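Listed below, chain by chain, are the residues.
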Amino acid sequence: MDIHRCRFVPYPASAINAVAFSHSSLPTTLASRPQLLKHVQVRLAIGRANGDIEIWNPLNGLWHQELIIPGGKSRSVDGLVWITDADEETSNGKTILGKSRLFSIGYTSAVTEWDLEKAKPKTYASGQHGEIWCLGAQPPVLGKNGVVLPSARKLVAGTVDGNLVLYSTEDDDLKFVKSLIRTPSKNTKMICIAFQTRNVVVVGCSNSNIGVYDIRNGTLLRQMSLGAGVPGAPKSIIAWSVKCLPRGDIVSGDSTGHVCIWDGKTYTQAQRIQSHTQDVLCLAVNADGTQIVSGGMDRRTVLYEPRAGHAGRWSKVFHRRYHAHDVKAMASFEGKGMSVVVSGGPDTSPVVYPFRTAGKENHRVLSHLPQQTNLQSAPKARLVISWWGNEIRIWHLLHPARRLLDGDTTGTDIRKNRKLIAQIQVQGESNITSAAISADGTLLLASTATEVKAFQLHYDGTSQIHIRKVEVTGASHGATKVEISPDSHWAFWVEEGVKIMIARVITTESETGLVHTISAPRKLPRIRRVVPKHLALGGLGSYDRKVSQVAFSPDSKMLSVADLAGYIDSWVLRAPGELQNGTEDKSDTSSSDSSENSLDESEEEAAERWYPNPKGKLLPKLDTAPVVLTFSPGHNEEDGDYTLIAITASKDLFVFNPLRGALSDWSRRNPSSKLPEQFRLSRDPIKGVVWQGPRAWVYGHSFLTMLDLSQDLPEPSDTGRDGAKKGTKRKRHDHNAGAGGKINKEHSLVPQQIKAATAPDSNEYMDVDMDDQKSVGASSAYEDDDDDTDGGELQRLRDDATTNGEDARKEASKPKTWNTYQYRPILGIVPLASKPPKEKKKKNGEAKQETVDTLPPLEVALVERPTWDLDLPARYLADGEWER
Amino acid sequence: MGSHIDANGDTASLKKRKRGPKDEASPLIKRHQSKSLSKHSTNGVPEEDRKANGTPTRRSKVIVLDTDGDVELADSGPVGELVVRKAHATWKLSNPMGGRMLDIDPMFSADERYLVLTYNTSLQVYTTEDSLLVRRIPLPVTRSGDGDFIVSAALSKISPEHVWVGCNDGRVWRINWTTGAGAETPYEINKYVLDMDIQSMEYGDVTKDVLLVLQTSESTPATIVAYDEEDLSKGEGTLLHTFEEKPNLLRSAANGKVVVATSGSTFHVGILKHKKKGVDSPELEYRFYSIGVPDLAASLDIRTTLKTTKKGATELQQVDVVIGGARGGIYLYSDIAAKLTPEGHGAVKAASIQPRKYHWHRKAVHSVKWSADGNYLISGGYEQVLVLWQVDTSKVNFLPHLSGCIENIVVSSQGSSYAIHLDDNSTMIISTEEMKPTTYISGIQSLILGDHPSKDAMVRRVWKPTDEISQPLVTAINPANPSQMFLCVGNGQQATLGGGGPSTPQVQVFDTSSFRGVTKHVFARTNPTDANITNHGAPIVEPTVTKLAFSGDGKWLASVDEWQPPRADTEVFITGKKTAEEVRRERREIYLKFWEVSADGSAVELVTRIEEAHHTKQQETILGLASDPTSARFATIGEDGVVRTWTSKFRKRDGIAVTGQDGQQLRAWTCSQTISLPVSGQQDLTIGLSERPPRSGALAFSEDGSIIFAAFGEPSEAVVVAIDTETGAIRDTIYNMFRGDVRSIKSLGSCLIMLSEDLTVYDVVSDELLYSFSLKETSRPAKRLAQLAVNYESRSFAVAAPVPNEDLKLMRKGTQSELLVFSIEDSEPQLVHTFSNLITAVYPAISSSGFVVVDAAAQLWSVAEGAEQPPMLRPLAELGVGDAADTDKQPGSMDLALGDADASDDEMQDGDQDVEMDVDDDYDVHQAVVAPERLTEIFNTAPSFAMPPIEDIFYQVAGLYAPKPVRT
């Protein structure tokens, strides 16, 4: 594989301004009902300065970025609030989980509710007040045992001009209700907000005060003063963050670097902890109020715990510097066996660190790069496109890497090997959600939340590029994903996240070159999946049916899409009559027929048409959301079936034969447990696959692994990394809180081992069980290990049989897997085509193994976006600090 | 003075005579010379033989002596015994004074009126009220050899007048510090003692002291063993716990209910099991746990709170352990006992233990302690900053700019004061309220050779401190105030050793009569800013004061200091062929400074700073500095081969004399004469600098100040030049007096005493070599430490040098030194004594006939002739007031002082010193000791009607009795 290691492709990651979990902790009542717990959809929303909202699924510590809702022009997300309604019992004893709704503010006077299914704003609401600087959601009414009772919940927003305003969220709507409090002085900014009880709200202000208000009547219950500022600093202290402990005590972090604990009954200061050298910007508390975390401008993340023997007193346990810049926002989540705090800041990488197991387990930095690569290539034209914001850039990589390496082109500067040939700015408010380029580089498709745009490119490799807009009809809704089939005959996009549209691309030759026109799209029906009503109504609704992955077969005759829930739909292109038609086919045909009357195109359209794959229903649902869906090049020799590869967020790899609707033989022989260890144990999510014949080059954020799917994977050695014997059960490393793994013994703050001496005169010890009292309590009922058994003894028998039967000679000769961490962090890898060098063919005769020689050459562009390349804003440095 | 050189005649003769090579000299010289040389060659054999015969001659002789053929000399007796060669010379060596405070927590007496400090060879008891030494209890620490040192000392819990002292070789003393009894009769544990702690425990109805000893031996692993007094006499105790690894610290608390020991990166907590009912026999049974620490433990403290059960027994309520790490973190394990197993459970379980981390220190936390109320942690280390951590608020308070690295912190039992032991050999008591020192005890702060490396060395650092003494200690005695000794010292032991060479920018004024540091002056650029460490982690190197000399009247002090950048900082300058050494030389800063000393010696003021006293193309080292004994004049000799004399003149600005604040005319020092020495290779100076061989030099004024004797030259080629101080003319040149580098030259009467690798006594008048010895062949660093001192009073001189050992490359711990005292008339030494520690300085005791010796254990020895008393303080107890002070009665300071006054007065008369000096001495003797003359001076100034106001008289008297404010 020849790699163009590209760092010139920019991707300006944007600062994190807000993080929020849909559930801060799961109620203890759920612990007894693991089935229900399983369906609770916990999501993390991250708001960025460019207006992007990312939805992450914690997924037991796998941290899968499911969705990016792109922002728009001069938009930003500065506050995020989830409201999760109370669970409802239905008459048949089922529980409808509470619906989760996401609201955001962005330094305007409006509150936005987001539609996650359609990945676009749902409603706005605004009132006669200044910019909203903070937003808080009224806590629900709690019944006995902490059961959340159905109740209307309001949003309270604090504004820059000192107003506290009320928004109602009742009836699935968002409405401005009233302005609750008007601070007489205009200079008072409401910085942060927290609810102490359902009706008492604590608001941190910019004038050294923290106000406590009753939202029923808008009275000021108490004003808690932070005192005068330190000498040399502005007079008034800014309370950047307030949080309430479950027992009512209030925690605040301010611009003097102090974290204060306030008595929740008397509203007096109980303790003041100087733990930061600069402003404290954010706070998080855990569900039972036994831990506090603060983050600040000095990059520190500080953990506090109550002092033993001093009731009600807290003290700092330790601090760490996880971030490269300010720690601006944080949120905690406990439940489903996890206990983590996620924080973010201008360094753009979310950091996850363990909460209850702090000091014992490592933190983990999530990638600042998107999960779905915003990189595409037109291999034949050697074009690479990348996009962000409202901009698409097209690069031309002039010479094949082989030529550069061999040095047979004299005077070829590596720097001159690339050329930025076009920068396309998409008009309109909203940013690009997805873009695609045809293989020959003549058609470019880009979508925003409001429209789908197509451009025709004319570029001969040397002169100026000509770009012409192509009309796209019937795409008024915008799209979340676009794709062009490999043969450039079909344009594909997903409307509102779920509707699959496909349109014919008609190419005609004219004197100026190729001319593309795109016909009216047709909606492709998806297989109806029966989702229990109680699940469909609750939680995030049908959010998980959002299409996340699209794949065209290499011959463009098959299309497959996968959604976040793990369902795979597929369609085949057939001439009419070639295939027995499905049930829903008729209505669809008629609708498209009626809408489209063009004569010359109808003939074409009549010729070929997408039909649902008859065996498509047989494809199983994947456990977790797929991160890669791709067809391997080439057909199965036996029955002409395609090979569809799906890799899930939990690092399972499945190979399907979609026409048969079955798992392929290879996949049966090679369960995920046989995947190479580096691949399985890496915490990095997988981002994509590049094909080189049967070889799949799988890459993630920091690794690149080759898997040869024409061979069986090697048996995993019995002594794994921790010396434990591996069965067929998927290896589960020690369960941890959802961030990094256990800290090494020598770096751990918490003793990893306590030993008790057995007798005074011997130096023998026995290990002491560390009874982790602080284990994640009742909600730790994380018991879905059963799902991981991919087979028992039968599986092993089969494995044995295959390995014995397999030709050992073959195994020895060809690498089956290969892995490197050399490239990081990888934004994406896209293939490029070049004329195969002649030597390759000559070798044909000498080589004895045909498989080796049939490996086609592969040339790729690998784009790295190192964090040090990020253009971070200057950090405020305190006395005695310097940039290392 | 009988041996005055007749200036005219001598100079004339010197001028006249062209001196040839030595063999032309008189037969006496010839004989001596030849004999000494032959001696050297022949004598080596018997010397070697004797060693081979297995005679335990650990201290071999420094000098091969020759008088009349039978060579043997000075197989000096055991330590402390004096070797007297001649009846008329009864030189005596005093008991050592001072010493080095060890890295052991100071002990407050129960009433906090006394502080007991552990020194390397003694226990010393001081009063906290006025920082006076009450008692010095010498401990025979070095028994078998050099490896013994005290590891621990702690007050007894049941009899507060006793101190338990543990030595690493297994001896344990129980010493009554109010009487000094018990030093001779140690208990013996036949194990190596690593650490020790004392607790009182109930044995039935009796409460006994129990020693918890962390011990090991070569064959057995380390164990914690408990001994009561009975066990100690038997030598067998109760085994409590055995270690896998090697522990280093042991602490216990709450009457032994908790024992904590650290070993590497684990700590072991032992909790006393409850006694079973009905069993009377005291069972010391502990449940021990081993818990990992994220760092190597360097310091440890326990805080316990007890609760009283219904039955009246006390129980542990909470145990908080704090551990200071070698990398600077402080780890606080709160309520650790409760998290470990409650008794009676079958399965051993522990709750998760989450330490709190406090990190401010850059390097090892040398000491960390709980405050009495548990709200603060107090820690200290290399940074010379006392850090007070408010546990509740995480607020950190600092007491910065202490004079040395903090070694130990002790919180007094009432919690009202902290005793802080710094590594500049001082201990202070600071009140917790105002953070002001109330007591300050400071010993000699010169470099010492310690017993074990600093705690900072537990982890690898970017630099390594030197662990040797490579230079003699630079000292000077104030002639106007002979008890004041000026020592060039650094900012504590570690700072001094920091950057490769010693950095000693400060001068400690040490009063030998009151035996304490009076003050400290900064003589060169220091580093008083926040950090004593660079961003790269290396210590900041400060200049070294290399020469110090008082003018004859004691009013002026001249000093030379040198600095060159550390090697690591000069790498950037290395260009072309230059070596790092050359680059450093080019950037050397050498200053000659002249200081005005106030009458009481407490203040010095910089008068003139000369930047390039000696220079060629670059700054040249000043090899010697001498002062004219008769007038305020100094002379220097530099590596450029030039002697300069320096005199002061009135300072003028635009022709008008500059006056100071009080209207006195200010003076400035300038070079008055420049004399180039006739050196063979002088023209080389203009040629490439790098090719020049290193030269050495020294100079001395004759006793009458008329001649400067300057020795200068390349190794073994140095010549002595006699320079007329009036004219600057070179009167005479003497060749072939030196072998190797010139170490020192002194003039005594008509004689010149020259020290190189030979010791030569040469009569200038008669042009005779009186006698000469060769120093035995030894290693280069040892040669550098050979020193010479001359006492004009007794017409004698002393030579000190490390015991020769060619293998000894570094002057480390265990190096021994030998001191020889000669009379100028006699070629046989009158005293030969071997010191078990390296002698770092020897200097004459002005106004007395003796010498004072400073050794590498920070001890001061006085060598005096006859019955003369060394002018050194003795503890109050020796003066007879200690007992009074020990009684429970509050001794009024007046009583104490008057009692003293008598004693000291007697002393002085015994001492038979001349009266004038006596007065001076008294003035500087400890303040509480007031001579009657002083009082009469106040009261008899005038007839009663003309007396000053009573208030003035009161302040004068009060001024006599009240101790001077302690300066730090």
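Worth saying up front: this structure is predicted, and the values here are computed from it rather than measured.

Enquirer: Give me the lowdown on the overall build of chain B, citing residues and values where you can.
Expert: The helix and strand inventory of chain B stands at 13 helices and 61 strands. Taking all 968 residues of chain B together, 59% fall into the buried category. Restricting the contact set of chain B to residue pairs at least 6 apart, pairs at least 24 apart contribute 53%. Split by element, the accessible area of chain B, about 39300 Å² in all, is 50% carbon and sulfur.

Enquirer: Account for the confidence of the model for chain B, with residues named and values stated.
Expert: Residue and element names in this part refer to chain B. Of all residues in chain B, 76% attain a pLDDT of 70 or more, and the chain-wide mean is 77. For residues 1-88, every residue scores under 50 in pLDDT, and the model assigns this stretch 144 contacts once sequence neighbours within four places are set aside. Within the model, pLDDT remains below 50 along residues 882-927, and this stretch shows 68 contacts once partners closer than five positions in the same chain are excluded. Model confidence for the complex: the whole-complex pTM is 0.81, and ipTM, which rates the interface, is 0.81.

Enquirer: Give me the interface of chain B and chain A: which residues, what numbers.
Expert: Across the contact, 39 residues belong to chain B and 45 residues belong to chain A. Of the roughly 3500 Å² buried where chain B meets chain A, counting both sides, 49% is carbon and sulfur surface. Here chain B is connected to chain A by 3 salt bridges. The interface formed by chain B and chain A holds 14 residue pairs in polar contact (both at pLDDT 80 or more) in total. Among the elements of the structure, strand 15 (238-242), strand 19 (286-292), strand 22 (329-333), strand 23 (349-351) and strand 24 (356-359) of chain B are those that each provide at least two residues to the side of chain B that touches chain A. For the side of chain B that touches chain A, the element with the most residues is strand 19 of chain B, which contributes 5 residues. Grouping the amino acids of the side of chain B that touches chain A by side-chain chemistry returns 18 nonpolar, 14 polar and 7 charged. Here strand 58 (residues 754-757) of chain A runs beside strand 19 of chain B; their pairing, made up of 3 bridges, is antiparallel. In the strand pairing of strand 19 of chain B, Ile754(A) is matched with Ile291(B).

Enquirer: Got a sec to walk through the sheet that holds strand 52 (residues 644-648) of chain A? Specific residues and values, please.
Expert: Residues and elements named next belong to chain A. Overall, antiparallel pairing links the 4 strands, which are arranged 51-52-53-54 in an open sheet. Looking at strand neighbours, the two that pair on one side only are strand 51 (626-631) and strand 54 (662-663), the edges of this open sheet. Sheet topology note: the strand 52/strand 53 (residues 653-657) ladder contains 4 bridges and is antiparallel. Note that in strand 53 the partner of Leu 644 across the bridge is Phe 656.

Enquirer: For the UniProt feature "repeat: WD" (unreviewed entry) in chain A, give the residues involved together with the corresponding values.
Expert: The positions that UniProt labels "repeat: WD" (unreviewed entry) are, in the present scheme, residues 273-305 of chain A. Segment residues 273-305 of chain A splits into 0% helix and 55% strand. End C-alpha atoms: 12 Å apart.

Enquirer: Let's hear about the sheet that holds strand 21 (residues 219-225) of chain A: which residues, and what values?
Expert: Residues and elements named next belong to chain A. One open sheet accounts for 4 strands, arranged 18-19-20-21; its pairing is antiparallel. Each edge of the open sheet is held by one strand with a lone partner, namely strand 18 (190-195) and strand 21. Strand-to-strand twist across the sheet, computed as the mean angle between neighbouring axes with direction ignored, equals 25°. Judged from the 6 bridges that link them, strand 20 (residues 209-214) and strand 21 form a sheet pairing that is antiparallel. Among the inter-strand pairings, Val 212 is bridged to a residue of strand 21, identified as Arg 222.

Enquirer: Help me get a handle on the pairing of strand 26 (residues 376-381) of chain B, residues and values and all.
Expert: Residue and element names in this part refer to chain B. In terms of residue burial, strand 26 counts as a mostly covered element, since 5 of its 6 residues are buried. One ladder, built from 5 bridges, connects strand 25 (residues 365-370) with strand 26; its direction is antiparallel. Its bridge partner lying in strand 26, Trp 370 is registered against Leu 377. Direction of pairing for strand 26 relative to strand 27 (residues 386-390): antiparallel, over a ladder of 4 bridges. In the strand pairing of strand 27, Tyr 376 is matched with Gln 390. Connecting strand 26 to the antiparallel partner strand 27 that follows it, the hairpin turn spans 4 residues, and Gln 384 within it adopts a positive phi of roughly 65°.

Enquirer: Tell me about the UniProt feature "repeat: WD" (unreviewed entry) in chain B, and name the residues and values.
Expert: UniProt's feature table lists "repeat: WD" (unreviewed entry) at residues 358-399 of chain B, given in the numbering used throughout. Here residues 358-399 of chain B is 0% helix and 55% strand, with 17 Å between the C-alpha atoms at its ends.

Enquirer: Give me the lowdown on the nonpolar core, citing residues and values where you can.
Expert: All names here are of chain B. Of all hydrophobic cores here, the largest spans 42 residues; its most connected members are Phe 267, Val 321, Tyr 333, Ile 336 and Leu 340. Those residues within four positions of Phe 267 in sequence are excluded, and the remaining contacts are Val 260, Ala 261, Thr 262, Tyr 289, Ser 290, Ile 291, Val 293, Val 321, Ile 323, Tyr 333 and Ile 336. Counting 28 residues, the second largest nonpolar core, distinct from the first, contains Ile 448, Leu 487, Ala 841 and Val 854.

Enquirer: Can you tell me about the state of the cysteines, naming the residues and giving the values?
Expert: Residues and elements named next belong to chain B. Here the structure, examined in full by the defined rule, presents 0 disulfides over all chains. For the unlinked cysteine Cys 488, the closest cysteine sulfur is that of Cys 405, found at 19 Å. Residue Cys 488 is classed as buried on the basis of its relative accessible area, which comes to 4%.

Enquirer: I'd love a proper account of the packing of aromatic side chains, names of residues and values included.
Expert: Residues and elements named next belong to chain B. Applying the stated criterion to the full structure yields 34 aromatic pairs over all chains. Through pairs of rings, three or more aromatic residues link up here, namely Trp 556, Phe 594, Phe 634, Trp 646 and Trp 669. Against the face of Phe 650 rests Arg 667, its NZ or CZ located 4.3 Å from the ring centre.

Enquirer: Provide a residue-level description of the side chain of Lys357(B), including the pertinent values.
Expert: Mapped onto the elements of the fold, Lys357(B) is located in strand 24. Asp295(B) provides the closest opposite charge to the buried, unpaired Lys357(B), separated from it by 7.5 Å. With residues up to four places along the chain from it excluded, the contact list for Lys357(B) reads Val317(A), Phe318(A), Arg320(A), Leu749(A), Ile330(B) and Tyr331(B).

Rules behind the numbers
- Residues numbered from 1 in each chain as written.
- Chains lettered and ligands numbered in written order.
- Predicted model: local features only at pLDDT ≥ 70, side-chain atom pairs only at ≥ 80, totals over all residues.
- Heavy atoms only, no water.
- Helix = DSSP H or I, 4+ residues; strand = E, 2+ residues; numbered from the N terminus.
- Buried < 20%, exposed > 50% of the residue type's maximum accessible area, 1.4 Å probe, protein only.
- Contact = heavy atoms within 4.5 Å.
- Areas by Shrake-Rupley, 256 points an atom, 1.4 Å probe, with all protein chains shown as cover.
- pLDDT = per-residue confidence, 0-100.
- Buried area = accessible area lost by both parts, 1.4 Å probe.
- Salt bridge = Lys/Arg side-chain N within 4 Å of Asp/Glu carboxyl O.
- Polar contact = N/O pair within 3.5 Å; in protein donor to acceptor, adjacent residues only side chain to side chain.
- Nonpolar A, V, L, I, M, F, W, Y, C, P; charged D, E, K, R; others polar.
- Pairing = 2+ DSSP bridges.
- UniProt positions renumbered as here; feature names shortened; annotations may be inferred.
- Axes fitted to C-alpha atoms, helices over the stretch in contact; angles between N-to-C directions.
- Core = buried A, V, L, I, M, F, W, Y, C linked by side-chain atoms within 4.5 Å.
- Disulfide = S-S within 2.5 Å.
- Phe/Tyr/Trp six-rings, centres within 6.5 Å; stacked < 30°, edge-to-face > 60°.
- Lys NZ or Arg CZ within 6 Å of the ring centre and 35° of its normal.
- Lys, Arg positive; Asp, Glu negative; His and termini not counted.

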